Amino acid sequence: MTSELSLEERFQNYVDGENKIEPKDWMPEKYRKTLIRQISQHAHSEVIGMQPEGNWITRAPSLRSKLILLAKVQDEAGHGLYLYSAAETLGIDRQEMIEQLQTGKAKYSSIFNYPTLTWADIGAVGWLVDGAAIQNQVMLTRTSYGPYSRAMVKICKEESFHQRQGYEIIMKMARGTKEQKAMAQDALNRWWWPSLMMFGPSDDDSPNSAQSMKWKIKRKSNDTLRQEFIDKTVPQAEFIGLTIPDPDLKWNEERNSYDFGEMNWDEFYNVIKGNGPCNKQRIAHHVKAHEEGAWVREAANAYAEKQRKRKEANSAA
Ligand SMILES: [Fe+2]
Ligand SMILES: [Fe+2]
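Residues numbered from 1 in each chain as written. Chains lettered and ligands numbered in written order. Predicted model: local features only at pLDDT ≥ 70, side-chain atom pairs only at ≥ 80, totals over all residues. Heavy atoms only, no water.

(A) Quick look at the overall build of the protein. Within the protein one finds 13 helices and two strands. Taken over the C-alpha trace, the protein has a radius of gyration of 22 Å; the compact-globule value for 317 residues is 20 Å, and the two agree within 12%. C-alpha atoms of the protein, sized along the principal axes, occupy 75 × 50 × 35 Å. Looking at the protein as a whole, 48% of its 317 residues are labelled buried. (Helix = DSSP H or I, 4+ residues; strand = E, 2+ residues; numbered from the N terminus. Rg over C-alpha atoms; globule rule 2.2 N^0.38 Å. Buried < 20%, exposed > 50% of the residue type's maximum accessible area, 1.4 Å probe, protein only.)

Quick look at the structure:
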């Protein structure tokens, strides 16, 4: 028991000294489990997040916007890959993570259970959803687990491109015809609150937060990140003449920050439980794509096996 304690103490001191934990280092079991849950959840979000956007690739209004959207959706697939690989260094394999996703055991960001109804939604998703993701992920470039933090550095660079492509779309629409401006406003109305909820429940209701902060998996609380996102985004909405759908939103001189209204957490938990507008559709689509890709995995395995045998034969000769 004492040696276990001292291992944990040494671990904590190492983390407190701003050192990165690497896959072969000793770590508390709960640290490993927390990271597997968080990184795989993050990977699933990247991959499922391709669906609401992929929905508009064939309907993008110009060749330029189609190319940009295609590149963005491909980036998200890449983010999923880096993150699955980072999670695998903790001793879980890809197939197990995929199963957890498809059976509902693992979650992904609730925001991707909302539909993208118009082209303006693609703008709102890039601007707000990728914007909120960056807010969270910049902090994660300094997370204590080495492979996760390194994956985040590259991801963040790409996310800032995503945020800008979204803002460009929404700006163009907000400055377009009356109908286009109304579409932009409507998209903001529908995506604003779900985006704020991406940061998760308030820290008082988030039981794992304190431990994650202590282990430096997280560097900032959910509420701090949410506030930073709001303070950054409100002026962007004002700049293009759109209104944030929150009657309680008000600049607070004393706090040097915006005060804002209550979030509808019942809706949040309801969507997490699987009752959002698109939960079933998202998973069904994932299962279908995964099954259709089975032959690719089989071919890759057969090829790897062939290579292995060839190597064996060579070294025996
Ligand atoms: Fe991403
Ligand atoms: Fe993104």
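Having seen the structure, we can now continue with the description.
(B) Broad picture of the coordination of the iron ion (ligand 1). Within the protein, Glu 46 (OE), Glu 76 (OE), His 79 (ND1) and Glu 159 (OE) serve as the donor atoms for the iron ion (ligand 1), at 2.0 to 2.2 Å. On the primary sequence, the residues serving as donors to the iron ion (ligand 1) are separated as E-x29-E-x2-H-x79-E. The iron ion (ligand 2) is placed at 3.3 Å from the iron ion (ligand 1), the two being bridged by Glu 76. One end of the pair, His 79, is in helix α4 (residues 63-88); the other, Glu 159, is in helix α7 (residues 146-174), and 80 residues separate them in sequence. (Donors = N, O, S within 2.8 Å, 3.2 Å for Na, K, Ca; no water.)

(C) Expanded view of the coordination of the iron ion (ligand 2). The protein atoms that coordinate the iron ion (ligand 2) are Glu 76 (OE), Asp 130 (OD), Glu 159 (OE) and His 162 (ND1), at distances spanning 1.9 to 2.2 Å. One way to put it: the four donor atoms around the iron ion (ligand 2) meet at angles of 86 to 162 degrees, and that makes the site irregular. Each donor residue of the iron ion (ligand 2) belongs to the same chain, and together they define the spacing E-x53-D-x28-E-x2-H. (Tetrahedral: all angles 85-135°; square planar, octahedral: opposite > 155°, others 65-115°.)

(D) Structural context of the nonpolar core. Grouped together as the largest cluster of nonpolar side chains are 75 residues, with contacts concentrated most on Tyr 31, Ile 39, Tyr 145, Trp 191 and Trp 192. Broken down by element, the residue count for this core peaks at 11 residues, all from helix α6 (residues 119-140). (Core = buried A, V, L, I, M, F, W, Y, C linked by side-chain atoms within 4.5 Å.)

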